[in-house]
Structure formats: structure tokens, C-alpha cells
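Here is what each chain is made of, one letter per residue.
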Amino acid sequence: MEDRTAVPPKGPKPLQKQEARLAWGMLLPTIVSIALIVVLPLLAIFWISFKPVSLGDLRAPSPIANERLRGELSAPGDRATIEYRLRNSHAQNRITGVELIDTIPEGLAIEELDDRCELAGQRLTCTLGDWEGGHRESLQLPVTAEIEFPDGPPNPRDSAPVLSGEGQSALTGWDLTLDNFIAVFDARDFLSVLWATVFYTVVGTIGALVAGLFAALLLNQTFRGRGVLRGLFLFPYVVPVIAAAFTWITLFDPFSGSANALLLQMGFTQGPINFFGERPLALIMVTVFEIWRYFPLSFLFILARMQAVDAGMFEAADMDGASPFQKFRYLLLPQLFGILSVLFLLRFIWTFNKFDDIFLLTGGNAGTRTLTVNVYEQAFAVSDIGAGAAVAVVIFFCLLGFSAIYFWALRHEEEL
């Protein structure tokens, strides 16, 4: 007999397709916003990193004209010269189709026109052609006074010349190069900058987590004044960074700081110590500042997770005679593994990208120059935008590699 059993159609049903289209339509504004805010600037940084551009190259080249009148004009028949000093604003990029338009003051007659210029009434039009990078020239027009000027000669600048032309920006051309990356990796201090970045990031991240964990263990207990102590623990994180940095600089000043005065009086040192001006002490100090300033964030998350742990496990462990360390190692720490993993990832990325703390404390001197400080110095102090973007790309790939290794290790740990 023929089997008339209905076979359900394969693939998504029409209603599911309609729901999927509706979902994607609702997500489209979010996707576009993320692309505009995150992806496009990231692509722009990648593009600039392959361009040999400086801070002055961000604007497209444009023709510039300075006009002045050379000579004295007071009575009819007096002669003078209108001079236009012309130049290309860019030293390398050319400008095509340059044209100058100006209005000659009333009462002046041009004696001789340049071959590239035409005069219609008092309107002067000059077709100046293409200008190469760094082009400069002087256009001179001899004029004669037709009327008397009792109040002095006319000022040609009253009608500023209008220049037009098309110049290609250094950012839009296809002249790509690897020189920026070669300069970054060939720099003699690159390894020291990379070492400072790794030390500051790893030690600062782990130190903030450990300090936050100990603070959470302390305040997870019930005692009088716990609320006040919690507020004090949050102070480093909520205080403005400029105030915190200035306080530390003043406290550890080698001549007037309280820390040096205390060390001298206690006999621990024979002279003042420049905490933020000596290697490797400066790097250690900015790392300690990072730990002190950001451990409250870890403390808040860890304490919140601790208070959600079932207290019955610890009561059962007490009955079995477990020591405090065993309860911490085998009961509490596994419960905190998830939040510690998230905090480690976030703090690592934030610390790796940290700029303001180091710049305010040392300015990147005395061995504290990290990759982010290097981006600032290349892009703004040296005005080399291409090299600064190249360093930013290096930072991006460093963080991308760390994230890939981190998630692989986390997944491997979960599988075990």
C-alpha cells in the first residue's frame, strides 16, 4: 500500500522567516550604530597606519594668496604694483586647476596683464594651472592711478582674492607604505616600551584583583564600622584622577614630600628619593598607583559575589573540620572563578590602554613610557600621525592576541 504519511517540509517555516526578517530589521539600527561608532574609526586607524602623513597633512592642500600694493598713489598718473604672493599650502601634494579671482580697486588701471590673466571691467581672472607641492610664485600687475586719492591709496585687501583648485588629501591617495611599522619596531626603545607596558599591565591587573579580593574577604565579615570602611575603600576609585595624581606627586616629592621626610627621619635612607624620576622605581610607583586606584572596582564585584554564596557549604565544612585556607581554596575560590575571570579580562584591557595615569604622574619619563603614551608622543608631540596610528594598530593586535589566548584557556579549563 502507498504510504500517505505527510513528511514535514525541511528548512524554516514561512512564519519563522518572517520573524527572522523582523528581528534583523529591529537590530539594523543597532548594527549600523555599532559600525559607525566602532568599526569605521577602527578602519580609519588601520588606513592611516599605512600612510606617510603628519599632523599637517590632515587637511587637503589649498592655494594661498597674500596681496599687497607696492608704491605710493596719491595723484593721477602715479604708478605702483599690485603683487600677489602665491603658494601651495602643502610641501608634497599638488593642486590642479588653480584659478585666482579678484576685484581691482576703483581708480586704478592695469598697465600690463600677465598672459594667464584676463580683465573684465574691474574683475581680474587668472588661470594659474597646476601647482606642484611646495610651489611658490609672485604675480605682479603694474597699475596707474586715474583719480586723486586724498585719503591715501586704496587697500587691495579690501577685496580679498578668491583662489580655487582641487587638491588631493594625503589620507585619500593610494600611496601606502610599511615605513610606519618599520619605524615602530626598529626604534631603539621599542623593547623597553613593550616591557614597561607588559609589566604595568600584568602586575597592575593582578595586583588590583588580589587587593580587591583581600578587601572583600575583610569586609565580608560583620563588625562595627563596616559601612564606613567600605566608603573609604571606594575613595581611590571615585576621586578625580587629576587630584589623585597630584596628591601622589606631592606626597612623594623628593624635596618637600612627606614620604621622603618620614624615610629620612627613620633612617631608612641617607638622601631624598626621586620616586617618579628614577628607573625602575618610577615604573613600580605608577604600577602601585594603578593597583591602589582601581582595586575598589574588583572589591565591589568580588564582595557582591561572596555575599551570594550559600553559607551552608561553609557550615558543613566547619563540621568536617576544614581549616580557613581549605574553605577558601576548595569552596570560596571556585565560586569566585567566574567573576575573577571577567574582572581579569576587563582590567587587563583597560590597564593596557591606560594613558592618563602615567602621563599625569611621569609624562612617560624614567622608563614609564608605555605603548599608549607612545601613541600620544608620536601623533601629537612629534606630529607623526601615521606612526601614532601604527602603534595603535600594534596595541590592537596585542589585545586581540591576548583575548584569543584568554578565551582558549578559559574554554579549556571549563572542558576539564
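Residues numbered from 1 in each chain as written. Predicted model: local features only at pLDDT ≥ 70, side-chain atom pairs only at ≥ 80, totals over all residues. Heavy atoms only, no water.

Caption draft 1: Spotlight on the overall build of the protein chain. On a plain count of helices and strands, the protein chain comes out with 12 helices and 8 strands. The C-alpha radius of gyration computed for the protein chain amounts to 35 Å, which surpasses the reference 22 Å derived for 416 residues by more than 25%, pointing to a less compact arrangement than a globule. Projected onto its principal axes, the C-alpha positions of the protein chain cover 115 × 105 × 45 Å. Out of the 416 residues in the protein chain, the part that is buried amounts to 34%. The contacts in the protein chain between residues at least 6 apart in sequence include a share of 74% that link residues at least 24 apart. Accessible area for the protein chain stands at about 25100 Å²; split by element, carbon and sulfur atoms hold 62% of it. Averaging the locations of the 30 positively and 42 negatively charged side chains of the protein chain gives two centres separated by 12 Å. (Helix = DSSP H or I, 4+ residues; strand = E, 2+ residues; numbered from the N terminus. Rg over C-alpha atoms; globule rule 2.2 N^0.38 Å. Buried < 20%, exposed > 50% of the residue type's maximum accessible area, 1.4 Å probe, protein only. Contact = heavy atoms within 4.5 Å. Areas by Shrake-Rupley, 256 points an atom, 1.4 Å probe, with all protein chains shown as cover. Lys, Arg positive; Asp, Glu negative; His and termini not counted. Charge placed at Lys NZ, Arg CZ, Asp CG, Glu CD.)

Caption draft 2: Examining the side chain of Asn-180 more closely. Within the element layout of this structure, Asn-180 appears in helix H2 (residues 179-186). A polar atom in the side chain of Asn-180 sits 2.8 Å from the backbone oxygen of Ser-49. In this structure the side chain of Asn-180 is engaged in a polar contact, spanning 2.9 Å, whose partner is the backbone oxygen of Lys-51. Setting aside its immediate chain neighbours within four residues, Asn-180 contacts Ile-48, Ser-49, Phe-50, Lys-51, Pro-52, Asp-384, Gly-386, Ala-387 and Ala-390. (Polar contact = N/O pair within 3.5 Å; in protein donor to acceptor, adjacent residues only side chain to side chain.)

Caption draft 3: The arrangement of the packing of helix H4 (residues 226-238) against helix H7 (residues 281-306) in detail. Running from amino to carboxyl end, H4 crosses H7 at an angle of 130 degrees, the nearest separation of the two axes being 6 Å. Judged by the angle between their axes, H4 and H7 are oblique. The interaxial crossing formed by H4 with H7 has left-handed handedness. Every residue of H7 that contacts H4 at Arg-230, Phe-233, Leu-234, Pro-236 and Tyr-237 is listed here: Trp-292, Arg-293, Tyr-294, Phe-295, Pro-296, Leu-297, Phe-299, Leu-300 and Leu-303. For the contact of H4 with H7, the class distribution of residues is 12 nonpolar, no polar and 2 charged. (Axes fitted to C-alpha atoms, helices over the stretch in contact; angles between N-to-C directions. Parallel < 35°, antiparallel > 145°, perpendicular 65-115°, else oblique. Left-handed = near helix turned anticlockwise from the far one by under 90°. Nonpolar A, V, L, I, M, F, W, Y, C, P; charged D, E, K, R; others polar.)

Caption draft 4: Highlighting the sheet that holds strand E4 (residues 108-110). Overall, antiparallel pairing links the 4 strands, which are arranged E1-E2-E7-E4 in an open sheet. Lying at the two open borders of the sheet, with one neighbouring strand each, are strand E1 (63-70) and E4. On average, each strand axis in the sheet is inclined to that of its neighbour by 30 degrees, with strand direction left out of account. Judged from the 8 bridges that link them, E1 and strand E2 (residues 79-88) form a sheet pairing that is antiparallel. Each residue of the ladder has a partner; that of Arg-68, found in E2, is Glu-83. (Pairing = 2+ DSSP bridges.)

Caption draft 5: Region of the structure containing the state of the cysteines. Tallied over the full model, the rule gives 1 disulfide. Cys-117 shares a disulfide with Cys-126; S-S distance 2.0 Å. Judged by the sign of its S-S torsion, about 110 degrees, the cystine formed by Cys-117 and Cys-126 is right-handed. Considered together, Cys-117 and Cys-126 belong to a single accessibility category, that of buried residues. (Disulfide = S-S within 2.5 Å.)

Caption draft 6: Seen up close, the domain arrangement of the protein chain. Structurally, the protein chain comprises domain 1 (61-167) and domain 2 (190-368). The straight-line distance from the C-alpha centre of domain 1 to that of domain 2 is 67 Å. (Domains from an automatic or database assignment.)

Caption draft 7: The packing of helix H5 (residues 241-251) against H7, seen in detail. Orientation of H5 relative to H7, taken along the N-to-C sense of each, is 135 degrees, at an axis distance of 12 Å. The orientation of H5 relative to H7 falls into the category oblique. In the packing of H5 onto H7, the handedness of the crossing is right-handed. Residues Val-241, Ala-244, Ala-245 and Trp-248 of H5 form the contact with H7, whose participating residues are Met-285, Val-288, Phe-289, Trp-292 and Arg-293. Residue composition of the contact of H5 with H7, grouped by class: 8 nonpolar, no polar and 1 charged.

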